[in-house]
Amino acid sequence: MPSLFRRKPADLVEESVTTVTTDEAPDRAHPRGYTPSKKELGVVTPKRPTAGRRAGTPSKPLTKEEAREQRRVARAESAAEFRREGGPRDRGPERLLARNVVDSRRTVGTWFFGGALIVLVGSNQAMPPIVRLISNVLWGALALGVVIDSILISHKIKKLVRERFPKSTERLGSLYFYAIMRSITFRRMRAPQPQVNIGDKI
């Protein structure tokens, strides 16, 4: 009889604990009206394919000859673009005006480098004195011609810029140097390429 009325403390603890199943626990943890997500229900949403994306095909590596040809074509296109449009230093209406002033006339500077080569050969000590004298005279004449031509070009640029661009912020000294450097360059090698013919009125 004593065993019926007296129980061990461990037995009382086991009876007071209510076993909660895994299916009932979430229902008690969430508030009323809670909707379980697809992840909780074990449903996997399929991924959508990226719009406009196509399965890429592995590109064939270029051979050395093909890579060399691509570089050559890229350099040719870059040179043609520079020849046609020039670079950042050629931008602006004042620069275009300076180029047109130079390109519309024959300049002594185009003969400068050719004459300098002749003078270099003629001034050799192995040449006769008369040849060396002629070379020195030719060198002096070319230098004087370039100076006079540069003054005339600068004067015309100054006049036209003040007439057509009275509010220009371009420095005249920079325009003079730009035009003079163009005037001593062979016409076919000028970039951007000339847009006017020799003798055209600017």
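That block above? That's the structure.
Residues numbered from 1 in each chain as written. Predicted model: local features only at pLDDT ≥ 70, side-chain atom pairs only at ≥ 80, totals over all residues. Heavy atoms only, no water.

A.B. asks: I'd like to hear about the pattern of salt bridges, residue by residue, with values.
C.D. replies: Throughout the structure, instances matching the rule amount to four salt bridges. Residue Arg95 is joined to Glu170 by a salt bridge in which the shortest nitrogen-to-oxygen separation is 2.9 Å. Of the two residues, Arg95 is situated in helix H6 (residues 93-103) and Glu170 in the loop between helix H8 (129-164) and helix H9 (172-183); the sequence distance between them amounts to 75 residues. You can call Arg95 buried: its relative accessible area is 11%. (Salt bridge = Lys/Arg side-chain N within 4 Å of Asp/Glu carboxyl O. Helix = DSSP H or I, 4+ residues; strand = E, 2+ residues; numbered from the N terminus. Buried < 20%, exposed > 50% of the residue type's maximum accessible area, 1.4 Å probe, protein only.)

A.B. asks: Describe a positive patch on the surface, with residues and values.
C.D. replies: Residues Lys64, Arg68, Arg71 and Arg75 make up a contiguous surface patch of positive charge. Locating Arg68 in the fold gives a position in helix H5 (residues 64-85). Classification of Arg68 as partly exposed rests on a relative accessible area of 45%. (Patch = residues over 30% accessible without salt bridge, like charges linked within 9 Å, V, L, I, M, F, W, Y side chains within 5 Å. Areas by Shrake-Rupley, 256 points an atom, 1.4 Å probe, with all protein chains shown as cover. Lys, Arg positive; Asp, Glu negative; His and termini not counted. Charge placed at Lys NZ, Arg CZ, Asp CG, Glu CD.)

A.B. asks: Go over helix H7 (residues 112-122) with me, naming the residues and quoting the values.
C.D. replies: Those residues of H7 lying buried are Gly115, Val119 and Gly122. For H7, the angular spread of the buried residues around the axis is 65 degrees, confining them to a single face. Turned more than 90 degrees away from the buried face of H7, the exposed residues are Leu117 and Leu120. In the core, the buried residues of H7 are packed alongside H8. (Arc of directions from axis to C-beta. Contact = heavy atoms within 4.5 Å.)

A.B. asks: Please set out unusual backbone geometry residue by residue, giving values where relevant.
C.D. replies: Excluding glycine, residues mostly have negative phi values, and the peptide bonds linking residues are mostly trans. In this structure, Pro192 follows Ala191 across a cis peptide bond, with omega equal to -5 degrees. Inspection of the secondary structure puts Pro192 in the segment after H9.

The values reported here are purely geometric and, on their own, carry no functional implication.
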